[in-house]
Amino acid sequence: MPADRARKSVPILAVVITLVALHAAGQSAVAVDGADQTAEPYKFREMPIPLPDGYNEQPMKSIRQVNPSYQHIASWISAIGASVAINDLTGNGRASSLCLVDPRTDDVIVTHTPTAPQEDRFSPFVLDAAPLPFDDTMAPTGCTPGDYNMDGRMDLLVTYWGRTPILFLAKSDATSVSNDAYRRQELVASESADGRYHGPKWNTDAVHVDDYDGDARPDIFIGNYFPDSDVLGSDGMKNVEMNLSMSTATNGGGGHILRWHAATSGPEPSVSYVPEPEAVPYEAATGWTLAVSGADLDGDGLPEVYIANDFGHDHLLHNRSTPGRIRFGLAEGSGSAITPKSFVLGDDSFKGMGVDFGDPSGKGRFDIVVSNITVPWGLQESNFFWENQTRDHEEMRERLAAGDAPFTQQAEDYGLAWSGWCWDVKFGDFLNDGNLAVVQSTGFIKGDRNRWNWLQELATINDVLVSNPSMWPNMRQGDDLAGDDVLAFYAKKPDGRYVDVAEQLGLDVPIPSRAIATGDTTGTGALDFAVARQWGPSSFYANESPDRGSALTLRLYQPPEGDGTTSGARTGLSGVGAPAYGATVTVTTPDGRTQVSQLDGGGGHSGFRSFEVRFGLGEETGPVTAHLNWRDADGQLRNETVELRPGTYSLVLSNTVQEVSSR
């Protein structure tokens, strides 16, 4: 009967109408009005990154050699690895150095920014792992600058698939940045009598460096993706697997925390780290980790940590450490009867791929932005914007201690919900007006054969089967998933919502990108940024916005150990001091606006910002109040309030705040 058929069609029509409405809502959110006007104050100039002589003339790969069990999904396995960091490797006080990981050659490239003044320039070079073992079953995935032995010289931590990380420690007698300026050391102790690698086969995609136990020294969180196995190389053992579930997988490489123990400086520097296997609750330490970052949410001088996992729950860790003992507890969100499950912090099933902490609303409290997969007609999840719902540090401390994560998911309200297949994400004030923009890398694998239908089939199979690589559909060279996604650059409109202005700014390059690094590379108060692209040349964007406001830039140090010095002549690669890991600064302007920021020791997916703590002040020219919070070398919580005019300052934090001059 026609009437019966019509009644039976109602549920189907309702589903179709709902899906169309949701897609239309998503599209309208992405195409929000006001982009042209919002983009007007910004201006960036793309500049070529200096590379080693002859670098671009060598053969370039576009896919990896992978384990035979992964051969039919080689393009998927090859989709990660690009990295970029901006920092001060010369010791001159400016973040004018770059460290890149280029998957096309599997090289780690150390160079200077194209904006670097002459005194900060050096010959670009490939950072070589020798004499430590390295072979074709390994590939670098990240380069994280830091002063790991605390001697006032910047070192490099390089992570890999196929082995544990390597520390490149700056030698005291090195006078310029070069391949020979660093001593190689295993982060995790490993011996080799035959010159081959025999340590754990970690597959690392995320690093966070901060002072977890409050002793003013850098501890390290290593986030691994695949479980320890032979992911790379055509002769690998059949010991590989995929995720146990598309939404609750707990068979990944997970998290490892290493606590700083001791160090030496000199021509043969060293540092030792101790594993803390009980630091992270087990249920938060077994995911497929793609990103990790942190911030001191409750003002106790100890950073909380956010772990972004693919194929499963993200986790917020409440820091409960004491000097010499690192421990975290889980904090989870809550929602009402109408809150989607994935909009409850710690209970999501989205594909966490990037994370950053910032204060975009100027409330003096940290919010969290997280990248997920948000591809229209592909996989339309949502990015997360976890908005801090507490009044002050005391309330946050009480809530976290009770295991409660007081954040609500507001990405759509802020215009940040949908970008594409998203990766690294970074806050940054590029106009110095006190409003943080959001820069986000996007795109997965680029080719000419659309494979979204095959991916959708994969997403519907039984979880019992998905961990078996042979059950995955082909993803080979030439296949495409979100390959034309472009960088997202979200700028804030007067109404407080964000709009993507990448197209207006000429940033819409259709090559998948992975990592974002920001830094004031010229020391002029202008925040530049670099983008690491997967299977394409990386890019550097100089900030030439004509009407930037004033800014307060703080270079925060702690007294160096060993042969470092905070006074007198500094030679070679030595700087003012070691980074003041864990330091947080809250600035209040005369009109009562408050902003909070921190020295970010390194976090996110595979992009690492420089160590400046920056505040855009707009038209403010008079002094502002800066409240500094840090832990000293004895583990004591210190805080001090100073008045500073706009400008750049080098401050040493010990038991008090002391201003010093840069070199």
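All residue numbers here refer to positions counted from 1 along the written sequence of the relevant chain. Selection of residues for local features in this predicted model requires a pLDDT of at least 70, selection of side-chain atom pairs for listing and counting requires 80 or more, and totals for whole chains, interfaces and linings are taken over all residues. As a rule here, side-chain values cover all heavy atoms of the structure and leave hydrogens and water aside.

You'll find the protein entered in an unreviewed UniProt entry as ASPIC/UnbV protein, with Amycolatopsis cihanbeyliensis given as the organism.

1. A short note on the nonpolar core
In these notes, a set of buried Ala, Val, Leu, Ile, Met, Phe, Trp, Tyr and Cys residues joined through side-chain atoms within 4.5 Å is what counts as a nonpolar core. Each residue gets one of three labels from its accessible area relative to the maximum for its type: buried under 20%, exposed over 50%, partly exposed in between, using a 1.4 Å probe on protein chains only. Core analysis: the largest hydrophobic core is formed by 65 residues, its most contacted members being Tyr182 and Leu556. Helix and strand definitions follow DSSP, with helices as H or I runs of at least four residues and strands as E runs of at least two, each counted in order from the N terminus. Counting residues per element, this core draws most heavily on strand 8 (residues 166-170), which supplies five residues. Where each domain begins and ends follows an automated or database-derived domain assignment. When we break this core down by domain, the ones giving at least three residues each are domain 1 (37-543) and domain 2 (550-660). Counting residues in each nonpolar core, the second largest holds 36 residues, with Ala74, Leu232, Phe444 and Met475 among its members.

2. Overview of the state of the cysteines
Only a pair of cysteine sulfur atoms within 2.5 Å qualifies as a disulfide here. Tallying each qualifying case throughout the model produces one disulfide. Note that Cys99 is cross-linked by a disulfide to Cys143, the S-S spacing being 2.0 Å. Since a negative S-S torsion denotes a left-handed disulfide, the Cys99-Cys143 link at about 95° is right-handed. Of this pair, Cys99 sits in strand 3 (residues 97-102) while Cys143 sits in strand 6 (residues 139-146), and the two are 44 residues apart along the sequence. On the accessibility criterion, Cys99 (2% relative accessible area) is buried.

3. Structural notes on the domain arrangement of the protein
Splitting the protein by domain gives domain 1 (37-543) and domain 2 (550-660). Between domain 1 and domain 2, the contact holds 88 residues from the first and 47 residues from the second. Buried surface area refers to the total accessible area, computed with a probe of radius 1.4 Å, that the two partners give up upon joining, counted for both partners together. Both sides together, the interface formed by domain 1 and domain 2 hides about 5,000 Å², and carbon and sulfur atoms give 46% of it. On the domain 1 side of the contact with domain 2, Met150, Phe366 and Asn432 bury the most area, a combined 10% of that side's loss. Only heavy atoms matter for contacts: two residues are in contact if any of them lie within 4.5 Å across the pair.

4. Quick look at the sheet that holds strand 7 (residues 155-161)
In space, the four strands of this open sheet follow the order 6-7-8-9, with antiparallel pairing throughout. The open sheet has two edge strands, strand 6 and strand 9 (182-186), and neither has a second partner. The sheet shows a mean angle of 20° between the axes of neighbouring strands, direction not considered. Strands were regarded as paired on the criterion that DSSP finds at least two bridges between them. Across five bridges, the pairing between strand 8 and strand 9 is antiparallel. Its bridge partner being in strand 9, Leu169 is matched across the sheet by Arg183. Each axis is a line fitted through C-alpha atoms, and for a helix only the stretch in contact is used; angles between axes span 0 to 180 degrees, taken between their N-to-C directions.

5. Thoughts on a negative patch on the surface
Taken together, the side chains of Asp36, Glu40, Glu503 and Asp508 present a region of like negative charge at the surface. Note on Glu40: relative accessible area 62%, which makes it exposed. Patch members must show over 30% relative accessible area and no salt bridge, and they are joined within 9 Å when carrying like charges or within 5 Å when they are nonpolar side chains of Val, Leu, Ile, Met, Phe, Trp or Tyr. Where accessible areas are quoted, they stem from the Shrake-Rupley method and a 1.4 Å probe; at the residue level, only the protein chains shown are allowed to cover. Between Lys or Arg on one side and Asp or Glu on the other, a salt bridge is scored when a side-chain nitrogen of the former is within 4 Å of a carboxyl oxygen of the latter. Residues scored as positive are Lys and Arg, those scored as negative are Asp and Glu, and His as well as the terminal groups of each chain are ignored. To locate a charge, take NZ of a lysine, CZ of an arginine, CG of an aspartate or CD of a glutamate.

6. Details of the pattern of salt bridges
Counted by the stated rule, this structure contains 30 salt bridges. The partner of Lys493 in a salt bridge is Asp495, and the shortest N-O contact between them spans 3.8 Å. The closest approach of N and O atoms between Arg609 and Asp600, which form a salt bridge, is 2.6 Å. For the residue pair Arg609 and Asp600, the accessibility class agrees, reading buried in each case. Taken together, the salt bridges that share partners define one network made up of Arg259, Glu276, Glu278 and Arg327.

7. Considerations on the environment of Gly162
Its location among the elements puts Gly162 in the loop between strand 7 and strand 8. Overall, Gly162 belongs to the buried group, its relative accessible area being 8%. Each residue touching Gly162, except ones within four places of it in the same chain, is listed here: Thr137, Met138, Tyr197, Lys201, Trp202 and Asn203.

8. Side note on the UniProt feature "domain: ASPIC/UnbV" (unreviewed entry) in the protein
Per the UniProt entry, the sites bearing "domain: ASPIC/UnbV" (unreviewed entry) are residues 580-634 in this numbering. With 0% helix and 47% strand, residues 580-634 has its two end C-alpha atoms placed 14 Å apart. UniProt positions are given in the numbering used here, feature names are shortened, and annotations may be inferred rather than shown by experiment.

9. Regarding the pairing of strand 7
Across the seven residues of strand 7, seven count as buried, placing the element largely inside the fold. Where burial is concerned, the two faces of strand 7 agree: the one with Asp155, Leu157, Thr159 and Trp161 and the one with Leu156, Val158 and Tyr160 are both buried. Sheet analysis places strand 6 next to strand 7, joined by seven bridges and oriented antiparallel. Bridge pairing links Ala139 to Trp161 in strand 7. Bridging between strand 7 and strand 8 involves three bridges; their strand directions are antiparallel. Across the sheet, Leu156 pairs through a bridge with Phe168, a residue of strand 8. Counting the residues in the hairpin turn of strand 7 and strand 8 gives four residues, including Gly162, whose phi is positive at 100°.

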